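# An overview of the molecular structure
Okay, here's what each chain looks like letter by letter:
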Amino acid sequence: MFRLGKTHVVVGVKVGVGYPFEDTPDAGVMMVNAEYTPAAHPTWEPGPPSDDAIELARVVDRGLRAAEIIDMEKLGLVSGKKVQMIFVDLYVLNYDGNLIDACSAGALAALTTADAPKFKVSKEDEVEKTDKTEKLKLKAHPVAVTVCKIGDSLLVDPTYDEEEVKDGRITVTVDENGNLNAIQKRGPVGFTVDEIKKCINIASEKAAEIRAIALAGE
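Residues numbered from 1 in each chain as written. Predicted model: local features only at pLDDT ≥ 70, side-chain atom pairs only at ≥ 80, totals over all residues. Heavy atoms only, no water.

### Some thoughts on empty space enclosed by the protein
Counted by the stated rule, this structure contains 1 cavity of 30 Å³ or more. By volume, the largest cavity is sized at about 40 Å³. In terms of lining, the largest cavity is formed by Val59, Val60, Gly63, Leu64, Ser104, Pro142, Ala144 and Thr173. The leading source of residues in the lining of the largest cavity is helix H1 (residues 51–66), at 4 residues. Considering only residue class, the lining of the largest cavity consists of 5 nonpolar, 3 polar and no charged. (1 Å grid on protein atoms, 1.4 Å probe; cavity = no way out; pocket = protein on both sides within 12 Å on 5 of 7 lines; lining within 4 Å. Points joined across faces, edges and corners; volume = space filled by probe spheres on them. Helix = DSSP H or I, 4+ residues; strand = E, 2+ residues; numbered from the N terminus. Nonpolar A, V, L, I, M, F, W, Y, C, P; charged D, E, K, R; others polar.)

Structure representation (structure tokens):
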């Protein structure tokens, strides 16, 4: 579970066995999915994932992948046939703004604490799950920070009401070493070069605060 203000999300991680992509026959696969529960906000309705839910999953996924949070090559089991698959499922329980940041931090917390099953491969290349588990080995700790633009002002950690009147939005994902992993912009209004630099500086500072909470298991 992770909370930012009144926004409350739950993130689950599950590990199974599947097929690799053709261009990476020895690398594992990671997929991020997001679900908007109707009880989380009065305007949300049941049904297929909305465009916002798809964007949420993609932005969180892109930040994790760009940071190379997990060495996917170590998740291979049988070359070209079987690899470990990591599913990161985002569930929104209550929405009051800044959903990307909450889900990004929640994903980091979930991946850090997940107990992944260990698998063994027989001489006939059959894969079996053992009774043993192990923690996922993370190479980086990326965190997303979203900055909204309202007029000439830049606002971090916006509420739902503030997001409703925003002119634009930039989400910056950075790791613990200050590496810039990903940037996502949304909205009709552009950002100047100076504003983008300021957003990156804000993200670098705020990411450290959010990361500390996520890694503390809160």
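### Quick look at the side chain of Glu55
Relative to the elements of secondary structure, Glu55 occurs in helix H1. Here Glu55 falls in the buried class, since its relative accessible area comes to 14%. When neighbours within four sequence positions are excluded, Glu55 is seen to be in contact with Arg169, Gln184 and Arg186. (Buried < 20%, exposed > 50% of the residue type's maximum accessible area, 1.4 Å probe, protein only. Contact = heavy atoms within 4.5 Å.)

### Points about the nonpolar core
Counting residues in each nonpolar core, the largest one holds 57 residues, and the members touching the most others are Leu56, Ile86, Val88, Leu90, Val92 and Leu99. The dominant element in this core, judged by the number of residues it contributes, is helix H2 (residues 99–113), at 10 residues. In contact with Leu56, other than residues within four places in its own chain, are Ala34, Tyr36, Leu90, Val92, Leu99, Ile100 and Cys103. (Core = buried A, V, L, I, M, F, W, Y, C linked by side-chain atoms within 4.5 Å.)

### What to know about the pattern of salt bridges
For the structure on display, the rule yields 10 salt bridges. Of the charged contacts, one joins Arg169 and Glu55 as a salt bridge, the two residues approaching to 2.7 Å between their closest N and O atoms. Within this pair, whereas Arg169 is found in strand E10 (residues 168–174), its partner Glu55 is found in helix H1, the two being separated by 114 residues in sequence. Glu55 shares its class with Arg169; the two are buried. (Salt bridge = Lys/Arg side-chain N within 4 Å of Asp/Glu carboxyl O.)

### Focus on the layout of surface pockets
Considered as a void within the structure, the largest pocket measures approximately 600 Å³ in volume. Among the secondary structure elements, those contributing two or more residues to the lining of the largest pocket are strand E3 (29–36), H1, H2 and helix H3 (160–164). Take the lining of the largest pocket: its biggest share by element is 4 residues, from H1. Of the residues in the lining of the largest pocket, the class split is 13 nonpolar, 5 polar and 9 charged. Volume-wise, the second largest pocket comes out at about 210 Å³. Surrounding the second largest pocket, Ile70, Asp71, Lys74, Leu75, Gln84, Ala116, Glu134, Lys135, Leu136, Lys137 and Lys139 form its lining. Residue composition of the lining of the second largest pocket, grouped by class: 4 nonpolar, 1 polar and 6 charged.

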